[in-house]
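Close look at the chain arrangement
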Amino acid sequence: MFYVDATVWSDKRMPPPKPPAKTEQRDVASARSSSAEVDAFIDQVKGLGPVGEGRGRLIFAMDATMSRQPTWDMALELQADMFRAVKQVGGLDVQLVYFRGFNECRASKWVANPDALAGLMRQVGCQGGYTQIRKVLAHARREAQRGKVGALVYVGDSMEENIDELSQRAGELGLLRVPVFLFQEGSEAKAQRAFKEIARLTHGAYCRFDAGSARQLRELLAAVAVYAAGGRRALQDLSEQAQGGAATRLLEQLG
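Described in the following lines is the structure provided in the data block.

What counts and how
- Residues numbered from 1 in each chain as written.
- Predicted model: local features only at pLDDT ≥ 70, side-chain atom pairs only at ≥ 80, totals over all residues.
- Heavy atoms only, no water.
- Helix = DSSP H or I, 4+ residues; strand = E, 2+ residues; numbered from the N terminus.
- Buried < 20%, exposed > 50% of the residue type's maximum accessible area, 1.4 Å probe, protein only.
- Contact = heavy atoms within 4.5 Å.
- Areas by Shrake-Rupley, 256 points an atom, 1.4 Å probe, with all protein chains shown as cover.
- Core = buried A, V, L, I, M, F, W, Y, C linked by side-chain atoms within 4.5 Å.
- Axes fitted to C-alpha atoms, helices over the stretch in contact; angles between N-to-C directions.
- Parallel < 35°, antiparallel > 145°, perpendicular 65-115°, else oblique.
- Left-handed = near helix turned anticlockwise from the far one by under 90°.
- Pairing = 2+ DSSP bridges.
- Phe/Tyr/Trp six-rings, centres within 6.5 Å; stacked < 30°, edge-to-face > 60°.
- Salt bridge = Lys/Arg side-chain N within 4 Å of Asp/Glu carboxyl O.
- Expected span 1.5 Å × (residues − 1).
- Arc of directions from axis to C-beta.

Tallying secondary structure elements over the protein gives eight helices and six strands in all. For the protein, the succession of helices and strands along the chain, N to C, is α-β-α-β-β-α-α-β-α-β-α-β-α-α. Expressed as a percentage of its 255 residues, the buried residues of the protein come to 55%. Looking at the protein alone, contacts between residues at least 24 apart form 81% of all its contacts between residues at least 6 apart. Only carbon and sulfur atoms are counted for the fraction: they give 49% of the accessible area of the protein, which is about 11,400 Å².

Structural data, given as structure tokens:
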């Protein structure tokens, strides 16, 4: 049984989607970053001072359906590393959103403490169910209408929804200037097409990863967090300091 801390998690649930058939393809293919490059990148992120005014806000959403179970522990650790790495990079409030099971889609309150966020993520376990990306995009739109959201990060492996409907939701986020950064585990073709289109419509970025590219994902997630905290200028500064790496690749996709 999954227990929810009422002081942290919202009780609101969104209307159920219309699930099509599930597809499960999990090919493994991705490039690796060298250990030295990634370690240097993380050190530079930790060394940056505060950027921008006020606190940045980032929504971190994840697919917690059963197809992700084999690599779930690795994913949780990587996601926790992301926020620990940017602890000293200005102020960054993060909201965790996940979906799983039968129409379960939950959002946490905004959290400023990276350790608290890591604890929240560890409470989530995988359950069988269809993807609910539409709900994630709709939630991000509502949050952006209440206040500035620097970015939405989404990590998942498949897409089982109407791509035109997702594109409509993504276009609405694009108008609100909320870039979506999508990280696909594995290589399901349908998910890849949808994730790339969402990234295009929101002026965000797309990246594919697997268990063999854990370090690459770690540095890319850290770069997104820097962007959410300080915007393009902070990411540009990081790219110049790192002389390439994840920050540069992210800037190239942002255009």
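Additional details are given in the paragraphs that follow.
This part takes up the nonpolar core. Of all hydrophobic cores here, the largest spans 41 residues; its most connected members are L58, F60, M62, V153, F181 and F183. No other element matches helix α7 (residues 214–242), which puts 10 residues into this core. Judged by nonpolar contacts, the second largest core, of 27 residues, contains I133, Y154, V180 and A191.

Between helix α4 (residues 133–146) and helix α5 (residues 163–175), the shortest axis-to-axis distance is 9 Å and the interhelical angle comes to 20°. By the angle between their axes, α4 is roughly parallel relative to α5. Along this stretch, α4 crosses α5, giving a crossing that reads as left-handed. Residue-level inspection shows I133, R134, L137, A138, A140 and R141 of α4 in contact with α5, the latter providing E165, L166, R169, A170, E172 and L173.

To continue, consider the environment of V153. Position of V153 relative to the elements: it lies in strand β4 (residues 151–156). For V153, a relative accessible area of 0% puts it in the buried group.

The next point concerns the environment of A229. Checked against the element boundaries, A229 lands in helix α7. Sequence separation of A229 and L92 is 137 residues, and the distance between their C-alpha atoms is 5.4 Å.

All right, on to the sheet that holds strand β2 (residues 91–100) then. Strands pair in a sheet through their backbones, by hydrogen bonds, and they do so in one of two ways: parallel or antiparallel. Spatially, the six strands line up as an open sheet ordered β3-β2-β1-β4-β5-β6, and their pairing is mixed. Every other strand in the sheet has two partners, leaving β3 (104–107) and β6 (205–209) as the edge strands with one partner each. Across this sheet, the average inter-strand angle for adjacent strands is 15°, counted without regard to direction. Note that strand β1 (residues 55–63) and β4 share five bridges and pair parallel. Residue pairing for β4: I59 is matched across the bridge by L152. Across the sheet, helix α6 (residues 189–202) lies against β4, β5 (180–185) and β6, angled at about 165° from β5, the strand it touches most.

The next thing to look at is the packing of aromatic side chains. Scanning all chains against the criterion turns up three aromatic pairs. With 6.3 Å between their ring centres and 20° between their planes, F99 and Y154 make a pair best called stacked. Of this pair, F99 sits in strand β2 while Y154 sits in strand β4, and the two are 55 residues apart along the sequence. Pair check on accessibility: F99 and Y154 agree, each one buried. Residues F181 and Y227 carry aromatic rings whose centres are separated by 5.6 Å and whose planes lie at 70° to one another, so their mutual orientation is edge-to-face. Here F181 is found in strand β5, whereas its partner Y227 is found in helix α7, with 46 residues between them in sequence. Comparing F181 with Y227 shows no difference in burial state: the two are buried. Taken together, the ring pairs in this structure connect F99, Y154 and F195 into an aromatic cluster.

Glancing now at the pattern of salt bridges. One pass over the full model with this rule turns up nine salt bridges. With a shortest N-O distance of 3.2 Å, R146 and E143 are connected by a salt bridge. Of this pair, R146 and E143 both sit in helix α4, three residues apart, which is roughly one turn of that helix. Since its relative accessible area comes to 58%, R146 is described here as exposed.

Attention now goes to α6. With 14 residues, α6 should reach 20 Å at 1.5 Å per residue; the first-to-last C-alpha distance of 20 Å fits that figure. Along α6, the residues classified as buried are A191, A194, F195, I198, A199 and T202. For α6, the angular spread of the buried residues around the axis is 135°, confining them to a single face. Of the residues in α6, the exposed ones pointing more than 90 degrees away from the buried face are R193 and R200. Positive backbone phi, at 60°, marks H203, one or two positions downstream of α6.

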